[in-house]
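# A closer look at the structure
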Amino acid sequence: DFPAPSVVLVERLGGEEDPPRGCVAVITPDTVDVLSHLAVRARTMGTLLASCFDLEMLSKVRKLDGCWVQVSHRAGVVLVEETGSPVSSMSVGNSASLTTT
């Protein structure tokens, strides 16, 4: 569980995981079945679950480990941008701390 809204970059997923409390987005270079336990739980919890196959983008996101970021998505594109400070809301589109695992 995370004490503040967090974005998690996970290298490998099995599909049986639960998004941790406080996690507003899970980004992975792995594929995840849309009917997997993880995908269903993420939808139920309102957590963004995104697969990213762009190695350059993943490298940029990894460099933001520990920073406050804003995650937004539109038409199949996920943007992760550094912000200067946190905001109080836990919804995607607001700031969250990035953690890589």
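The coordinates are above.
All of these numbers come straight from a predicted model, not from anything done at the bench. (Residues numbered from 1 in each chain as written. Predicted model: local features only at pLDDT ≥ 70, side-chain atom pairs only at ≥ 80, totals over all residues. Heavy atoms only, no water.)

## With respect to the pairing of strand β4 (residues 68–74)
- As judged from the six bridges shared by β4 and strand β5 (residues 77–82), these two strands associate in the antiparallel manner. Within the sheet, the bridge partner assigned to Val-71 lies in β5 and is Val-80.
- Turn length for the β4-β5 hairpin, with the two strands adjacent in sequence and antiparallel, is two residues, and the turn residue Ala-75 shows positive phi of about 50°. (Pairing = 2+ DSSP bridges. Helix = DSSP H or I, 4+ residues; strand = E, 2+ residues; numbered from the N terminus.)

## Quick look at helix α1 (residues 37–45)
- Along α1, the residues that are buried comprise Leu-38, Ala-39 and Ala-42. What you see down the axis of α1 is that its buried residues fit within an arc of 100°, all on one side.
- Turning to α1, the residues buried within the fold contact β3 (48–51).
- After α1 finishes, the residue Gly-46 shows a positive phi value of roughly 75°. (Buried < 20%, exposed > 50% of the residue type's maximum accessible area, 1.4 Å probe, protein only. Arc of directions from axis to C-beta. Contact = heavy atoms within 4.5 Å.)

## Notes on the side chain of Thr-28
- As for its position among the elements, Thr-28 is in strand β2 (residues 23–28).
- By relative accessible area, which is 0% here, Thr-28 ends up buried.
- At a separation of 2.7 Å, a polar atom in the side chain of Thr-28 contacts the main-chain carbonyl oxygen of Val-10.
- Excluding residues that lie within four positions of it along the chain, Thr-28 makes contacts with Leu-9, Val-10, Glu-11, Arg-12, Leu-13, Ala-50, Ser-51 and Cys-52. (Polar contact = N/O pair within 3.5 Å; in protein donor to acceptor, adjacent residues only side chain to side chain.)

## Describing the pattern of salt bridges
- Using the criterion set out here, one finds four salt bridges in the structure.
- Note that Arg-62 is salt-bridged to Glu-11, the shortest N-O span being 2.9 Å. Pair noted here: Arg-62 is in helix α2 (residues 55–62) and Glu-11 is in the loop between β1 (6–9) and β2, with a separation of 51 residues, a long-range link.
- A relative accessible area of 34% places Arg-62 in the partly exposed class. (Salt bridge = Lys/Arg side-chain N within 4 Å of Asp/Glu carboxyl O.)

## A short note on the nonpolar core
- Counting 13 residues, the largest nonpolar core has Val-7, Leu-9, Ile-27, Leu-58, Val-69, Val-71 and Val-80 as its most contacted members.
- Every element with two or more residues in this core is listed here: β1, β2, α2 and β4.
- Sorting elements by how many residues they give to this core places β2 first, with three residues.
- Among the nonpolar cores identified, the runner-up in size contains eight residues, and Val-8, Val-10, Cys-23 and Ala-39 belong to it. (Core = buried A, V, L, I, M, F, W, Y, C linked by side-chain atoms within 4.5 Å.)

## Some thoughts on the pairing of β1
- The side-chain alternation of β1 yields two buried faces, one formed by Ser-6 and Val-8 and the other by Val-7 and Leu-9.
- Two elements, β1 and β2, share four bridges in a ladder whose sense is parallel. Bridging from a neighbouring strand, Ser-6 pairs with Cys-23 of β2.

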